Amino acid sequence: KIDFFTQVAHEIRTPLTLINGPLESMLEMDIPDKDIRSNLKIMSRNTSELLTLINQLLDFRKIDNNRMALTFTTIDVQESLNDAFQRFKSLALSEGRRMELTLSDEPAYISGDRNAIVKIFNNLFSNAIKYSAPGGRITVKIWQGEYKAFIEIIDQGRGIPPEDLENVKTKFYKGSNSVRGSGIGLALVDSIMTALDGTMDIQSTLGRGTVVTLGLPLYHKA
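This one's a predicted model, so the numbers in the text were calculated from it and none came from an experiment.

Draft legend 1. Examining the overall build of the protein more closely. From N to C terminus, the protein includes six helices and seven strands. Mapped in sequence order, the helices and strands of the protein form the string α-α-β-α-β-β-α-β-β-α-α-β-β. Taken across its 222 residues, the protein has 39% of its residues classed as buried. Considering only contacts within the protein whose residues lie at least 6 apart along the sequence, 70% involve residues at least 24 apart. If you sum the accessible surface of the protein, you get close to 12,600 Å²; carbon and sulfur atoms cover 51% of it.

Right, dumping it as structure tokens:
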């Protein structure tokens, strides 16, 4: 599946990018017709979703071939978390969800890849919004242990059935309670977390919501 979809992804990414660029430029213009502007937003949102899926598939190919180049630097993961939160907060509001963030009192420095961390947060925030019920709250927390920085993302969504929970990190797996999507987001996050020497734990209660907990090793000077 990865081989086939990777070939398709390469062919599709360029024309999609060429479509998405002009759409974003048009949305920055003053368009008085509300229907036209609404249709442009729908087109842009769905084009962006397709580009995200394509990039996920290409990332999987790199991971499978051990070609995902990670550049490890010392980064404040709390700052990266807050940046991602601010980007998704407005999207959540437009979808009828609320997002709340509780930060730690001190910076949380880890040795990691900045782009990889962004991909992790993008996938998990997108999932939380997608699976939350209208009016639901998404709570994000970060705290530090002795050796790890822990990040918790809690949604009040439909939850994951017990029989599906052990398989949600498997590529292309779509559970009985899933909504739109490819079934690769959590698998990609899990693979990236492993590459960063981190952990991802998922707990869920059907009909009440899901809790995703990330653990990333803190940076300690030698």
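Draft legend 2. Highlighting the environment of N123. For N123, the position within the fold is in helix α4 (residues 114-131). What makes N123 buried here is its relative accessible area of 13%. Each C-alpha atom of the pair N123 and V189 lies 7.2 Å from the other, and the pair is 66 residues apart in sequence. Not counting residues up to four positions away in its chain, the partners in contact with N123 are Q56, G185, L188 and V189.

Draft legend 3. Expanded view of helix α3 (residues 77-94). For α3, which comprises 18 residues, the first-to-last C-alpha distance of 26 Å matches the rise-based estimate of 26 Å (1.5 Å per residue) to within 8%. At F88, α3 shows its strongest bend, of approximately 30°. Restricting attention to buried positions, one finds in α3 the residues V77, Q78, S80, L81, A84, F85, F88 and A92. Capping the start of α3, D76 holds a side-chain oxygen 3.0 Å from the backbone nitrogen of Q78, two or three residues further along. G96, located one to two residues past α3, shows a positive phi value of around 80°.

Draft legend 4. Summary view of the side chain of D76. Residue position: D76 is located in strand β1 (residues 73-76). Look at D76: it is buried, it has no salt bridge, and the nearest opposite charge is R114 at 8.4 Å. There is a polar contact of 3.1 Å between the side chain of D76 and the backbone nitrogen of A108. Contacts of D76, omitting those with residues within four sequence positions, involve P107, A108 and Y109.

Draft legend 5. Inspection of the sheet that holds strand β4 (residues 137-144) at higher detail. Sheet architecture is open: five strands sit in the order β2-β4-β5-β7-β6, paired in mixed fashion. Both outer strands of the open sheet, β2 (98-102) and β6 (199-205), are each paired with one neighbouring strand and no more. Here the strands of the sheet are splayed against their neighbours by 15° on average, with no regard to which way each runs. Here six bridges tie β4 to strand β5 (residues 148-155), and the two strands are oriented antiparallel to one another. Pairing of Q144 across the sheet is with A149, part of β5. Docked against the sheet, helix α6 (residues 185-195) engages β6 and β7 (209-217), running at close to 145° with respect to β6.

Draft legend 6. Region of interest: the environment of D197. Relative to the assigned elements, D197 resides in the loop between α6 and β6. In the structure, D197 is positioned 20 residues away from P217 in sequence and 7.2 Å away in space, judged by C-alpha atoms.

Draft legend 7. Examining the packing of α3 against α4 more closely. It is at 10 Å that the axes of α3 and α4 come closest, and there the two elements cross at 35°. Between α3 and α4 lies a crossing of right-handed hand. When α3 is examined against α4, the residues V77, S80, L81, A84, F85, R87, F88, L91 and A92 are found in contact with a partner set consisting of R114, I117, V118, F121, N122, F125, S126 and I129. Of the residues assigned to the contact of α3 with α4, the class counts are 12 nonpolar, three polar and two charged.

Draft legend 8. Molecular detail of the packing of aromatic side chains. The tally for this structure, following the rule as stated, stands at three aromatic pairs. Both rings, one in F121 and one in F125, keep their centres 6.2 Å apart while their planes meet at 15°; by these two values the pair is stacked. Taken as a pair, F121 and F125 lie in helix α4 at a separation of four residues, close to a single helical turn. Aromatic pair W143 and F150: ring centres 5.7 Å apart, planes at 25°, arrangement stacked.

Calculation rules
Residues numbered from 1 in each chain as written. Predicted model: local features only at pLDDT ≥ 70, side-chain atom pairs only at ≥ 80, totals over all residues. Heavy atoms only, no water. Helix = DSSP H or I, 4+ residues; strand = E, 2+ residues; numbered from the N terminus. Buried < 20%, exposed > 50% of the residue type's maximum accessible area, 1.4 Å probe, protein only. Contact = heavy atoms within 4.5 Å. Areas by Shrake-Rupley, 256 points an atom, 1.4 Å probe, with all protein chains shown as cover. Expected span 1.5 Å × (residues − 1). Bend = angle between axes of the 7 residues up to and from the residue. Polar contact = N/O pair within 3.5 Å; in protein donor to acceptor, adjacent residues only side chain to side chain. Lys, Arg positive; Asp, Glu negative; His and termini not counted. Salt bridge = Lys/Arg side-chain N within 4 Å of Asp/Glu carboxyl O. Pairing = 2+ DSSP bridges. Axes fitted to C-alpha atoms, helices over the stretch in contact; angles between N-to-C directions. Left-handed = near helix turned anticlockwise from the far one by under 90°. Nonpolar A, V, L, I, M, F, W, Y, C, P; charged D, E, K, R; others polar. Phe/Tyr/Trp six-rings, centres within 6.5 Å; stacked < 30°, edge-to-face > 60°.

Read these as layout, nothing more, since geometry by itself doesn't imply function.
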